Amino acid sequence: MAGPSNKNDYVVGVDFGATKIYAGLFTSNLNLVGAAKMTTKPLRGATAVLDRIARCVKDVVDECDLTMDKVRAVGVGAPGALDPESGRLIVAPNLGWENVPLQKELEKRLDLPVAIENDANAALVGVYEEELEGKPRHVLGVFIGTGIGGALMVNGDLYSGYSHFAGEVGHMVIDIDGPKCGCGNVGCFEALASRTAIFREIKAALAQGQKTILTDMLGDKLEGLRSGDLRKAIQKDDKLAAKVVEDAADYTGIAVGSLINLLNPEVVVLGGGLIEALSDVMMPRITKSALSHALPGTTDSVQIKDSLLGDKAGIFGAAVLARRRTK
Ligand SMILES: [Zn+2]
């Protein structure tokens, strides 16, 4: 008998990191209605960030001309190691957080059920629901942006490891003589193939006197350099931009090839902002390099694909988790 008009049928998916909080309002069929962004400001401390996340959720609901009583749950993807069962964030080095009762604190602020998950795991759930046909059961997700995140699906379930740290593919060492990584190690995949690594390599080449049209586009300091600028430069046949992006793709292929040997996945999906902007340049190289580094028996059936969701994968996945939380 109940009509659809009063049903609290919306969910909100949130993805946050050290820089940004991103919230999307979705219908129960996972159509994105609207999104809102806010800076995280982690230096203000966990309480202030939790307040900001709650505010970002309320903002997106208000921007879509709805009220909070129309929302039935909120899902949150957060950086670091999380225990979705207990609702606690165990550790998030780039936020400086340890042992934060993330779920409980957000439920208190929003007066709604909240589901939490590691951000890369949430992104893989988003890609899985939105983009992967045939619902494969063994999937590897690699998400390349400022950093590199990874997520594993084994036998149809997210795999988090013994203490919720699994999937940190960005810190696999690819080159023992490589550049220093934010984690303190050297030669990590993230230090070689993330957007941060690409920008560092371009700046180093400029310091050595190499030329790029990126300086014509953005000035000598390359202020505000974004993945889309690399794309434009490569389309204009810029040798330096092409070389640095191709190197990143080759390193990504080495990492993916090793991961295929470890996991024997059905599908490897590459996502994140860098892949979204540079898919056509990077994917053929990543695939070729990955297949050449993987053992023959593992390469027959594996599909290596790009995700077109880009930075939106996290909010989609968080929305799926919110929906599951109230089923
Ligand atoms: Zn590292």
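My aim in this report is to walk through the structure given alongside it, one point at a time. (Residues numbered from 1 in each chain as written. Predicted model: local features only at pLDDT ≥ 70, side-chain atom pairs only at ≥ 80, totals over all residues. Heavy atoms only, no water.)

### Let's talk about the pattern of salt bridges
In step 1: Scanning the entire structure with this criterion turns up 13 salt bridges.
In step 2: Among the ionic pairs, Asp-250 bridges to Arg-285, the shortest N-O distance being 3.0 Å. Residue Asp-250 is found in helix 8 (residues 239–263), and its partner Arg-285 is found in helix 9 (residues 273–293); the two are separated by 35 residues along the sequence.
In step 3: The partly exposed category is assigned to Asp-250, whose relative accessible area is 24%.
In step 4: Classification of Arg-285 by relative accessible area gives partly exposed; the value is 32%. (Salt bridge = Lys/Arg side-chain N within 4 Å of Asp/Glu carboxyl O. Helix = DSSP H or I, 4+ residues; strand = E, 2+ residues; numbered from the N terminus. Buried < 20%, exposed > 50% of the residue type's maximum accessible area, 1.4 Å probe, protein only.)

### Describing the sheet that holds strand 4 (residues 71–78)
In step 1: With mixed pairing, the five strands of this open sheet are ordered in space as 3-2-1-4-8. Two strands bound the open sheet, and with one partner strand each, they are strand 3 (32–39) and strand 8 (114–118). Here the average twist between neighbouring strands, direction ignored, is 15 degrees.
In step 2: Examined bridge by bridge, strand 1 (residues 10–16) and strand 4 share six bridges and lie parallel to one another. By the bridge assignment, Asp-15 is partnered in strand 4 with Gly-77.
In step 3: Together, strand 1, strand 2 (20–26), strand 3 and strand 4 form the strand contacts of helix 1 (residues 46–63), whose direction differs from that of strand 3 by roughly 150 degrees. (Pairing = 2+ DSSP bridges. Axes fitted to C-alpha atoms, helices over the stretch in contact; angles between N-to-C directions. Contact = heavy atoms within 4.5 Å.)

### A word on the packing of helix 5 (residues 195–207) against helix 8
In step 1: One way to put it is that helix 5 packs onto helix 8 with a least axis distance of 10 Å and a crossing angle of 140 degrees. When the axes of helix 5 and helix 8 are compared, the pair comes out oblique. Considering the relative orientation of helix 5 and helix 8, their crossing is right-handed. Residues Ile-198, Glu-201, Ile-202 and Ala-205 of helix 5 form the contact with helix 8, whose participating residues are Leu-240, Val-244, Val-245 and Ala-248.
In step 2: Of the residues assigned to the contact of helix 5 with helix 8, the class counts are seven nonpolar, no polar and one charged. (Parallel < 35°, antiparallel > 145°, perpendicular 65-115°, else oblique. Left-handed = near helix turned anticlockwise from the far one by under 90°. Nonpolar A, V, L, I, M, F, W, Y, C, P; charged D, E, K, R; others polar.)

### Regarding the pairing of strand 2
In step 1: In terms of residue burial, strand 2 counts as a mostly covered element, since six of its seven residues are buried.
In step 2: With six bridges connecting them, strand 1 and strand 2 associate as antiparallel partners. Bridge assignment links Gly-13 to a residue of strand 2, and that residue is Gly-24.
In step 3: Following strand 1, the chain reverses through three residues before pairing antiparallel with strand 2.
In step 4: Bridge count for strand 2 against strand 3 is seven bridges, and the pairing is antiparallel. Across the sheet, residue Ala-23 finds its bridge partner in strand 3, namely Ala-36.
In step 5: Here strand 2 folds back onto strand 3 in antiparallel fashion, the turn holding five residues, of which Leu-30 has a positive phi close to 70 degrees.

### Some points on the pairing of strand 6 (residues 88–92)
Each regular strand displays side chains that alternate between the two surfaces of the sheet.
In step 1: The pairing of strand 5 (residues 81–83) with strand 6 spans three bridges and is classified as antiparallel. Bridge pairing links Ala-81 to Val-91 in strand 6.
In step 2: Sheet topology note: the strand 6/strand 7 (residues 97–100) ladder contains three bridges and is antiparallel. Counterpart to Leu-89 in the pairing with strand 7 is Val-100.

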